[in-house]
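# Structural features, examined
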Amino acid sequence: MKIFAFLAAVCFVSIAFSQAPAIQWQNTIGGDSSDWGHTVIKALDGGFYLGGGSKSDISGDKSENIIGDGYDFYDWDCECYIHFNAEDYWLVKTDVFGNVEWDLTIGGDGLDAFTSLQQTPDGGLILGGISNSDISGNKSENSWGDSYDYWVVKLDSNHNIIWQNTIGGIEDDYLSVVQFTADGGYILGGQSDSDSTGDKTENRLGACCHSDMWIVKLKPDGEIEWQNTIGGDNFEALGSISQTSDGGYIISGSSQSDISFDKTENSNGGTDYWIVKLDSLGEVEWDKTIGGENSEIGGQSIQTFDGGYFIFGSSNSEVSGDKNETYTGEIINYDFWVIKLNSDLIIEWQNTIGGISRDILYTGIQTIDGGYLIAGNTSSPISGDKTESNIGEDDIWIINLDSVGNILWQNIIGGVEDDFVGEIIQIEDNGYILNCTSNSPISGDKAESNSDYDYWVIKLSPPCDTLFTEECNGYDDNCNGIIDEGFSLYTLYMDNDDDNFGNPGIEIISCLESITGYVTDNSDCNDSDSLIFPGSPEICNNIDDNCNLFIDEGLPENTFFQDADGDLYGNILIDTISCSDLIPGFVSDNTDCDDTNPLIYPGALNCLMASTIIVTIP
């Protein structure tokens, strides 16, 4: 809600938050089978788009049956086992409180696994993922060589497909990210096993199993503008891609390659983070390898407000290479590992964060105040940096860092079964929205249970601190358990048609008497027409224009008679009262003596004869 835009500055104070934000609301969304939540973005109307995959038919929140036939896949050439948790793309639109407004299932007859979503300036959406479906369902092109390809789908503002493109070679290609670019096109980032076949113009550089990063630039209409295969002589996997302030791109992920092809630095001993900077045409400008002697995975990156880079993923390396802290757990497990580079690519700070078991970092953002929020999954008990016990086997672990990497607060979220984080975003009230996946019943933090795995969307309030002064913002600023205490509360009603009158359809409680889009008056009888509201002038339209329960009152009334034969004369057999001056099929004259024959009407001889007794005197 726009109410919080001017209040956000209240939270931008340089003190350490002592308490993690609480769950403000949540919703479990799914059907009768497995539904995996992955991405979340804010919609233009204040609600949210949730992207993921589904195996559910019509049931629960699912309004359409599955289209595809998902399965696990074993690449015999590369001896690589690939597992996907979806059959179709599943897009869900919610309101500002996480309630489902509509959903859309998109797919073909094979496996279609969703990975990425972004809203476009035209009010539509761009979706990306992988597909091995041939022409079927929503799929308009066959896959290349019965393998997995990039599959990009563009929706208009009414969520209709306006174009799509299946992009790949004859081997497997896995799309991780699709992003809108400043020129109106799109940048795609993923991995590829394909040689120069199909849409692919370069042979692969490295080993099997999505061995190279494959970057593809699309024009606004979805056609390929340019592409680049990027990697070394071993294995590379892409974690993220985004456009930088100079019009180029920053791509990052992990690499096992030594110096070869696009790789200018040797591996530190295993898999490392690998960051690559491209210019606006996709040519490599620089690359940097960061890691320790064991394995670093994930390696996502974002450009920070100061022109540097925030790199995040997971590591099980001891102090070695670029790593200045050892992992907390056993070598088979991982810790979160975050790094801040300055604009000259020098490490400013880093932090290894974890417990004694497995901690895998999946998502991260820079927060409005210049800090960072990271989220992943944990199976660690209280140990190391972990201050809360798990609720289930795998729980969601959210950590807020200040601008130099110190932990401000952390929170464990989950139920008694498995719960996995997808993405997290910060919204204008300084709170956070998460799209997660859960198969937990009602337990722990879980307030609902459907069946199997479901989307689990969560709204976290802004963090609180005992040093904060309570403000009128709908949150417990000072951590005393009371929201907006000391303020008068108003019930506000959504004014959909902007006529300053609302109705009880959507209402909120707030200490602010005025909120954009909401009013205190709930007497509007039609909140979709700005001409209908209490006190509106009553007009002759058979509608209660002024919301007083009377229709067309106070207007002059006319009596009309049906003109059945269309001769502009009617009779009294069928009449009606109306404020209108004209009603089709009716007239104001009731002198017709036969309303079934247009040749008989007042003034015609036969009508006069029919209505007059004529006496003949001999």
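Computed from a prediction, not measured in an experiment: that's the story for all the values here. (Residues numbered from 1 in each chain as written. Predicted model: local features only at pLDDT ≥ 70, side-chain atom pairs only at ≥ 80, totals over all residues. Heavy atoms only, no water.)

Here we come to the pattern of salt bridges. For the structure shown, the criterion picks out 12 salt bridges. For the salt bridge of Lys93 with Asp45, the shortest nitrogen-to-oxygen distance reads 3.0 Å. Pair noted here: Lys93 is in strand 6 (residues 88-94) and Asp45 is in the loop between strand 2 (35-42) and strand 3 (48-54), with a separation of 48 residues, a long-range link. Among the residues examined, Lys93 registers a relative accessible area of 2% and is labelled buried. With its nearest N and O atoms 3.1 Å apart, the salt bridge here joins Asp122 to Lys154. Taken together, the residues span a long stretch of sequence, with Asp122 in the loop between strand 8 (112-119) and strand 9 (125-131) and Lys154 in strand 10 (residues 149-155) at a distance of 32 residues. (Salt bridge = Lys/Arg side-chain N within 4 Å of Asp/Glu carboxyl O. Helix = DSSP H or I, 4+ residues; strand = E, 2+ residues; numbered from the N terminus. Buried < 20%, exposed > 50% of the residue type's maximum accessible area, 1.4 Å probe, protein only.)

Okay, the pairing of strand 27 (residues 407-413) next. With six of its seven residues buried, strand 27 lies for the most part within the structure. Of the strand pairs in this sheet, strand 26 (residues 395-401) and strand 27 are connected by six bridges, and their pairing is antiparallel. Paired with Ile398 across the strands is Asn411, a residue of strand 27. Where strand 26 folds back onto strand 27 in an antiparallel hairpin, the turn is made up of five residues, including Gly405, whose phi is positive at roughly 90 degrees. (Pairing = 2+ DSSP bridges.)

On to the sheet that holds strand 20 (residues 296-303). The strands making up a sheet are joined through hydrogen bonds of the backbone, oriented either antiparallel or parallel. Taken together, four strands build an open sheet; the order of strands is 20-21-22-23 and the sheet is antiparallel. The open sheet has two free edges, formed respectively by strand 20 and strand 23 (347-353), since each of these has just one partner strand. Shown here is a sheet whose adjacent strand axes are inclined to one another by a mean of 15 degrees, direction ignored. Strand direction decides the pairing type here: strand 20 and strand 21 (residues 309-315), joined by six bridges, are antiparallel. By the bridge assignment, Ile297 is partnered in strand 21 with Ser314. (Axes fitted to C-alpha atoms, helices over the stretch in contact; angles between N-to-C directions.)

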